[in-house]
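# Breakdown of the fold
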Amino acid sequence: MQKKIVIVGGVAAGASAAARMRRMDEHAKIVMLERGDFISFANCGLPYYIGGVIAQRDSLFVQTPAAMKKRFALDIRTKNEVIAIDASAKTITIYDHNLGILYTEFYDYLLLCNGASPIIPELSGIDKQNVFLVRNIPDTDAIKEYVLRSSSQTAVIIGGGLIGLEMAEMIRHIGLNVHIVEASSQVLPPLDQEMAAYVHKELRNQGIDLHLQDKADSLLYDNDFVTHVQLASGKSISADLVILGIGVKPNSSIAREAGLRIGNLGGIEVDEFLRTSDPSIFAAGDVIQVKNLISGSDALFPLAGPANRQGWIAANNIVGPKMISYKGVQGTSIVKVFDQTAATTGLNEKTLKAMGIPYQAIHVHPNSSASYYPGAAQMTIKILFDPEDGRLLGAQIIGARGVDKRIDVFAAALRLKQNVFDIQEFELAYAPPYSSAKDPVNLAAYAAGNVVTKQVDLIHWDSISSYIDNNDAILIDARTAREYSLGSVPGAINIPVDELRSRYEELPKDKDLLVYCQVGLRSYIACRILSQLGFKVKNISGGYNLYTVINQY
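Before going into details, it helps to say that this report is about the structure given with it. (Residues numbered from 1 in each chain as written. Predicted model: local features only at pLDDT ≥ 70, side-chain atom pairs only at ≥ 80, totals over all residues. Heavy atoms only, no water.)

## Quick look at helix α16 (residues 521-532)
The periodicity of an α-helix, 3.6 residues per turn, causes residues three or four positions apart to be oriented the same way. Here is the rule we go by: The way it works is that DSSP assigns letters per residue, a run of H or I at least four long becomes a helix, a run of E at least two long becomes a strand, and they are numbered from the N terminus. A helix's residues, less one, multiplied by 1.5 Å, set its expected span. To sort residues, take the accessible area from a 1.4 Å probe on protein chains only and compare it with the maximum for the residue type: under 20% means buried, over 50% means exposed, and anything in between is partly exposed. Think of it as the arc spanned by the lines of direction from the helix axis to the C-beta atoms. The criterion used for residue contact is that any of the two residues' heavy atoms lie within 4.5 Å.
Between its terminal C-alpha atoms α16 stretches 17 Å, which fits the 16 Å expected from 12 residues at 1.5 Å a residue. Those residues of α16 lying buried are S523, A526, C527, I529 and L530. Taken around the axis of α16, the buried residues stretch over an arc of 165 degrees, which confines them to a single face. With respect to the buried face of α16, the exposed residues turned more than 90 degrees away are L521 and Q532. Considering only its buried residues, α16 is in contact with α15 (500-503), β30 (512-516) and β31 (536-540). Downstream of α16 by a residue or two, G534 has a phi angle that is positive, lying close to 95 degrees.

So, in structure tokens, the structure goes:
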């Protein structure tokens, strides 16, 4: 018997599901309902079209309704909005914005891929003509048109997440002054504070004004246009346009009204096969709540990669011969921030602490390619791992080149539940233009392995003050005298690593020796020398490089 499947939503998850369904079942009747004008558009590319990096608007359309209908024999209806679900009758009520009519559609299976909506703060002036969202093609057209026809000089972006930073770069790219207002102490919440400091450095170096630990209190306006953003701190920022990038929330209200179970984070609750609490209704994409792969905790992760995968799995489970499980999300993301790239996968330190999961962290600063090859750029890698068995828990990378390659390796290792000793053995592609004989991924794993096997005792910059204040430790700078003279940590004693064997008698054995160098390699060597000479010694993760960024940005 022919199945009738109705898909609500036609962007990432919905379009992926529809194409997969047709490839698996030539006979099913597949209806795709999209409340907007467009399907299968590249919403991740919207900021780059606004900034002119993507020149042609048509490049944003992965598929058009006509082309997709022709290739996959689908019934695609744009500007058709589902307003109610009757699960017991297996019907949905739809409002056709083209004709201005309500009608009812029957289904055998319903797949909800209706996504998420931007969070809009309750601020006076939020409805003014120069306040914009960035979620779909009409939003993008509105911003681009406004910038082109106005004499805007300054933009205020509220929110320092992925979309906020992408918009900051693109608006700056077209010549405007840019302010970012972020309520927390850092941008990019998936990063830990010290890693976000590298992003703060890049933003400020590019002329972006950062307002951290502050939030928009009100929007001051004259007639139909906002003129200033008033912050909770009392500061007022002149604004020719305001862009909201606070985040999104699942469009789960229709599911809730239909009696489907909603998770504690507001997304539709699904089982491992992406079924809702009604066995005839599946859901995928930004609208659902999933499990974190590492912790097993509930999570919302509104990005295109997981949405496409979920749509593909849901399609298999509706029309395929065998059910496929969705194993969870691990939180892999990447963003270009001017000349730097920031990427993350797995859990961060903040989450591990909050959940009481034991962990250790290391920071390394390898080059993206062989140091002698032109164009080599230093990156900062942080990995988090189980201190007992070295199982990888998360990774974060900041750098100008090669970040995408390395985060993908860590993401794969994390998905396969591998430990740092497994990662040490990865045979990764090497040639001087692309890497070093020991790839940065391997180097990070070696550094972590030394901690697990207790070859070195590690300490982090945020733990040092208690040692120093109690006069329980001595800070040692293992760099050269010239490096030390150009800048050092207050109170540090300079003993270059190459002089340690002749000068170790200057050091006391009744105190901890906390050693740093520029990036952590020479201080590790110093720790190995001193520990074998009977000293209590700890290597400071990340070295002076990390110290300067933390304290300046």
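Additional details are given in the paragraphs that follow.
## Brief notes about unusual backbone geometry
Trans peptide bonds make up most of the peptide bonds, and negative phi angles are found at most residues other than glycine. With a phi close to 70 degrees, L274 is a non-glycine residue in the positive phi region. Mapping L274 onto the fold places it in the loop between β18 (268-269) and β19 (281-283). Exposure remark for L274: the relative accessible area of 1% places this residue in the buried category. One non-glycine residue, K417, lies in positive phi territory at about 60 degrees. Structurally, K417 is set in the loop between α10 (403-415) and α11 (420-424).

## Quick look at the pattern of salt bridges
We apply this condition: Only one rule defines a salt bridge in this text: a Lys or Arg side-chain nitrogen within 4 Å of an Asp or Glu carboxyl oxygen.
On inspection of all chains with the given rule, the structure shows 23 salt bridges. One salt bridge connects R77 with D75, and the closest N-O pair in it is separated by 2.7 Å. We classify D75 as partly exposed; its relative accessible area is 22%. Here R479 and D477 are joined by a salt bridge, their closest N and O atoms 2.7 Å apart.

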